[in-house]
Amino acid sequence: VRYFEMSPLTSRSFAMVQNRTILLFIIVVTGYCYFKKYVGDTKRYRRFKVWPLNRQRKLYGHFNTLIRDMLSKEPDHTQFFKYTRMTPELFGSLLDIVGPLLKKDPTKKPPQPSASSHVNITVYNICSYLSEGCSMQEIAWNYRIGLTTVHCIIKETCQVLWDILQPIVLPSPSCEEFKCIAEGFKQRWNLPNCIGAVDVFSNSAFGRAFLNGDIDIPPPKEQSNSNLKIDHYVVADQAFPLHKNIMRPYPGTYLGEEKNIFNYRLSSARRTIENTFGILAQRWRILRKTIIGNVDTCEGIVKATIVLHNFLQKKEEDIPEEQRRYSPMGYADSFDENGHLILGMWREEEYMLRSATRLGSNNATRSAQGARDKLASSLVSDVGSVPWQYDIIMTGSLPN
């Protein structure tokens, strides 16, 4: 057997290659471990299980300090209303309705606050966020909870509010309910067969269903003491196309008495939707700024403000107007006994709604034009006219 005997030079070269291989192996393994821990891992690296700031939640968080202080003394209930947009009694009523769907999983680890505390914190979070329009980070700091937790609370609570309150305060109107709405418009605004006022319409599911004839609108109805039949309709501004079920003002300035009266009566009734959006945006100030979030989150926030608005309006219907808090007497626009406009208090703050751009063609069909002309004629007839409309037209004090 012959053995191969390496020279000293060959032995040193082999040792150098072997050392380099080991060093390269160590570098690769170290790099892989770093990547796996800090970059490649799907879970976010967390320095703390709970941030040191948030460990003082029970001592300094708003739920255990500010909220309890506002509830402890009756004079501070005014501050509570500013914070939540409702009285403590209405807030308790809201908790009773949505609370069962907001309770946490008791088996979740690490241990969380009690079920009642969790629900209260959740609803206080969403009310303060929607009413003041502050950032999610500010909510996280105030309540000493994580920012990610706030994101989840807002998204989930908005969905629960919509799921629970929408069937109660915003159901799809039936034919009979449309008739009741029309009676309300006739009594308050002296406008026959009107079933609503619109501002955002054509791009909504309701708007598409309305224009496609999928909504159960009542058939044309004869006016009292008259054989004249008028379609049921919604009122809109110049941005909307004229339709037999959508009444918009006559365009132009020198229109004559009949058309000017029509525009005046229509504009008066259309203030209902302008006031609705105005009060909504003043009470829920998250709508007065750009909402940071994806489309689903933004839609959820808007829908939550709408059902909360309707919930509070309905809860105050049985309260004398001078005792209401959400929409007190004089907060919305009104008209005096002579038909003169009185601007609502919600307009006193510096915020104005932007007018919608044109939402359709102004080339109306003959049937739509005929429906508008028929309604205009009824408003100057002995049956449909009101005493002050001619004085308003003569003085030129038409509402915008």
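Residues numbered from 1 in each chain as written. Predicted model: local features only at pLDDT ≥ 70, side-chain atom pairs only at ≥ 80, totals over all residues. Heavy atoms only, no water.

Identification of the chain as DDE Tnp4 domain-containing protein from Rhamnusium bicolor is taken from an unreviewed UniProt entry. According to its UniProt record, the chain has this under Cofactor (unreviewed entry): "a divalent metal cation". Regarding the chain, the UniProt comment filed under Sequence similarities (unreviewed entry) reads as follows: "Belongs to the HARBI1 family." (UniProt positions renumbered as here; feature names shortened; annotations may be inferred.)

Draft legend 1. View of unusual backbone geometry. One non-glycine residue with positive phi stands out, namely N190, at about 55 degrees. Relative to the helices and strands, N190 resides in the loop between helix 9 (175–189) and strand 1 (194–197). N190 sits in the partly exposed class, given a relative accessible area of 27%. Even without a glycine there, the phi angle at N193 is positive, about 65 degrees. (Helix = DSSP H or I, 4+ residues; strand = E, 2+ residues; numbered from the N terminus. Buried < 20%, exposed > 50% of the residue type's maximum accessible area, 1.4 Å probe, protein only.)

Draft legend 2. Looking closely at the sheet that holds strand 5 (residues 246–247). Pairing is parallel across the open sheet formed by three strands, whose spatial order is 1-4-5. Each of the sheet's edge strands pairs with one partner strand only, and the pair in question is strand 1 and strand 5. As judged from the two bridges shared by strand 4 (residues 233–235) and strand 5, these two strands associate in the parallel manner. Paired with V234 across the strands is I246, a residue of strand 5. Against the sheet, helix 11 (residues 257–283) makes contact with strand 1, strand 4 and strand 5, and its axis sits at roughly 60 degrees relative to strand 1, the strand it touches most. (Pairing = 2+ DSSP bridges. Contact = heavy atoms within 4.5 Å. Axes fitted to C-alpha atoms, helices over the stretch in contact; angles between N-to-C directions.)

Draft legend 3. Expanded view of the packing of helix 8 (residues 147–169) against helix 12 (residues 295–315). Remark: helix 8 packs on helix 12, axes separated minimally by 8 Å, with the N-to-C direction vectors making an angle of 45 degrees. Overall, the two elements helix 8 and helix 12 adopt an arrangement that is oblique. Like other packed secondary-structure pairs, helix 8 and helix 12 cross with a definite hand, here left-handed. Contacts between helix 8 and helix 12 involve I154, K155, C158, L161, W162, L165, Q166, I168 and V169 from the former and T297, G300, I301, K303, A304, V307, L308, N310, F311 and K314 from the latter. A breakdown of the residues in the contact of helix 8 with helix 12 according to their chemical character gives twelve nonpolar, four polar and three charged. (Parallel < 35°, antiparallel > 145°, perpendicular 65-115°, else oblique. Left-handed = near helix turned anticlockwise from the far one by under 90°. Nonpolar A, V, L, I, M, F, W, Y, C, P; charged D, E, K, R; others polar.)

Draft legend 4. Molecular detail of the confidence of the model for the chain. Averaged over all residues, the pLDDT of the chain equals 83, while 83% of them reach at least 70. Averaged pLDDT values over the elements of the chain bottom out at 66 in helix 1 (residues 8–39) and peak at 95 in helix 12. (pLDDT = per-residue confidence, 0-100.)

Draft legend 5. Molecular detail of the packing of helix 5 (residues 88–98) against helix 12. Packing of helix 5 against helix 12 leaves a shortest axis separation of 12 Å and a crossing angle of 120 degrees. If you check the angle between helix 5 and helix 12, you find them oblique. As for how helix 5 packs across helix 12, the hand of that crossing is right-handed. Residues L90, S93, L94 and I97 of helix 5 form the contact with helix 12, whose participating residues are L308, F311, L312 and K315. Here the contact of helix 5 with helix 12 is built from residues that sort into six nonpolar, one polar and one charged.

Draft legend 6. Quick look at the packing of aromatic side chains. Enumeration over the complete set of coordinates arrives at seven aromatic pairs. Their ring planes at 90 degrees and their centres at 6.1 Å tell us that F80 and Y124 sit as a pair that is edge-to-face. Here Y124 lies in helix 6 (residues 115–132) and F80 lies in helix 4 (residues 77–84), a separation of 44 residues in the sequence. Residue class for F80 comes out buried when judged on its relative accessible area of 0%. Residue classification places Y124 among the buried positions, given a relative accessible area of 4%. Ring centres 5.2 Å apart and planes at 65 degrees place the aromatic pair Y250 and F262 in the edge-to-face group. Taken as a pair, Y250 in the loop between strand 5 and helix 11 and F262 in helix 11 lie far apart in primary sequence, twelve residues in all. With respect to burial, Y250 and F262 carry one shared label: buried. (Phe/Tyr/Trp six-rings, centres within 6.5 Å; stacked < 30°, edge-to-face > 60°.)

Draft legend 7. A look at helix 4. When helix 4 is considered as a whole, its buried residues turn out to be F80, F81, Y83 and T84. Buried positions in helix 4, seen along its axis, are confined to an arc of 165 degrees and lie on one side of it. The positive-phi residue at the C-terminal boundary of helix 4 is R85, with phi of around 70 degrees. (Arc of directions from axis to C-beta.)

Draft legend 8. Representation of the environment of R265 in the model. Turning to its location among the elements, R265 is positioned in helix 11. For the pair R265 and S385, spaced 120 residues apart in the sequence, the C-alpha separation amounts to 9.8 Å. Apart from the residues lying within four places of it in its own chain, the contact partners of R265 are W189, N190, L191, L379, G384, S385, V386 and Q389.

Draft legend 9. Just helix 12, in detail. The first and last C-alpha atoms of helix 12 sit 30 Å apart over 21 residues, in line with the 30 Å expected at 1.5 Å per residue. Those residues of helix 12 that fall on the buried side of the exposure criterion are T297, C298, G300, I301, A304, T305, V307, L308, H309, N310, F311 and L312. For helix 12, the N-terminal cap is N294; the gap from its side-chain oxygen to the backbone nitrogen of D296 is 3.3 Å. (Expected span 1.5 Å × (residues − 1). Polar contact = N/O pair within 3.5 Å; in protein donor to acceptor, adjacent residues only side chain to side chain.)

Draft legend 10. Summary view of the pattern of salt bridges. Applying the stated criterion across every chain, the model contains five salt bridges. Residue R271 pairs with D333 through a salt bridge whose shortest N-O separation is 3.0 Å. Of the two residues, R271 sits in helix 11 while D333 sits in the loop between helix 12 and strand 6 (334–335), which places them 62 residues apart along the sequence. By relative accessible area, D333 is classed as buried at 5%. Connected through shared salt-bridge partners, R271, E274, D333 and R347 make up one network. (Salt bridge = Lys/Arg side-chain N within 4 Å of Asp/Glu carboxyl O.)

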